[in-house]
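Letter by letter, the chains look like this.
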Amino acid sequence: GYIIQARMSQRNTKFFSLVLIFTDFLAILAAFGIAYVTRVAFDTRDLITVRDDSNYLFAVLCIIPVWLIILAVLGVYSANTYNRRLAEWGRLAMGAFIGTLLVIGWEYVSEMRIFPARLVMVYVLVGSFIFLVLGRELLRFGRSILFRYGRGVRRVLIVGNSDATYDIASSIAFTKKSGYKVVAIAGPKQVVPTGLAIE
């Protein structure tokens, strides 16, 4: 068996989650905005409804908080998710799909037109996923730079004597990538990865 005890900064974790929420807000807003401009300004085909920029912006600002709640329910603001790229991308794709579906459902139930054209729905679906992923990749890159200089790094003590202990120590040993600094391993020498520098 194994136990990990971490002296981690809850303040840093919460702050990063807030940064993620703000970044996602901007990403979804950008997706709606670019989808709208692309279809309305650069496509000469007729629209389903009369163009109304202010009404569309107001609707989008009301939609985004609900969209963020959907993402939160999917767990994309949890460290267990945003530290695993593929899992994060999968949940972001699901969030983009559910969010777009929610808007379409709202249009159907309320008989209010949010999207000025059907193609905007497609643009929003694809664009929201792309911008959400792009925003998080930029944050991931910025965070790795901070880790490189020791900012936001979490110090951990690993306790155990099994192969699992060695696997965990190996997976988080590279501080610049994991954000963890292994300060001690309470166990036999064979569970200490080769080349691991311990304070």
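A brief look at the structure comes next. (Residues numbered from 1 in each chain as written. Predicted model: local features only at pLDDT ≥ 70, side-chain atom pairs only at ≥ 80, totals over all residues. Heavy atoms only, no water.)

### A look at the packing of helix α4 (residues 85-110) against helix α5 (residues 118-148)
Two numbers describe how α4 lies on α5: the axes approach to 9 Å, and their chain directions differ by 145°. By crossing handedness, the relation of α4 to α5 is classed as right-handed. From α4, R85, E88, W89, L92, A93, A96, F97, T100, I104 and E107 reach across to α5, where they touch M121, V124, L125, S128, F129, L132, V133, R136, E137 and R140. When its residues are assigned to classes, the contact of α4 with α5 shows 12 nonpolar, 2 polar and 6 charged. (Axes fitted to C-alpha atoms, helices over the stretch in contact; angles between N-to-C directions. Helix = DSSP H or I, 4+ residues; strand = E, 2+ residues; numbered from the N terminus. Left-handed = near helix turned anticlockwise from the far one by under 90°. Contact = heavy atoms within 4.5 Å. Nonpolar A, V, L, I, M, F, W, Y, C, P; charged D, E, K, R; others polar.)

### Thoughts on the environment of L29
On the secondary structure map, L29 appears in helix α1 (residues 10-42). Look at L29 and you get partly exposed, because its relative accessible area is 26%. In this structure, the C-alpha to C-alpha distance between L29 and I64, residues 35 residues apart in sequence, is 7.4 Å. Ignoring any residue separated from it by four or fewer positions in sequence, one finds L29 in contact with L57, V60, L61 and I64. (Buried < 20%, exposed > 50% of the residue type's maximum accessible area, 1.4 Å probe, protein only.)

### Structural notes on the pattern of salt bridges
For the coordinates displayed, the defined rule picks out 5 salt bridges. Measuring nitrogen to oxygen at the nearest pair gives 2.7 Å for the salt bridge that ties R136 to D24. Here D24 lies in helix α1 and R136 lies in helix α5, a separation of 112 residues in the sequence. There is no split in this pair, since R136 and D24 are both buried. The salt bridge involving E88 is made with R136; its shortest N-O contact spans 2.7 Å. Taken together, the positions of E88 in helix α4 and R136 in helix α5 put the pair 48 residues apart, joining distant regions of the chain. Like E88, the residue R136 is buried in the burial classification. Here the salt bridges share partners, and the residues they tie into one network are D24, R85, E88, R136, E137 and R140. (Salt bridge = Lys/Arg side-chain N within 4 Å of Asp/Glu carboxyl O.)

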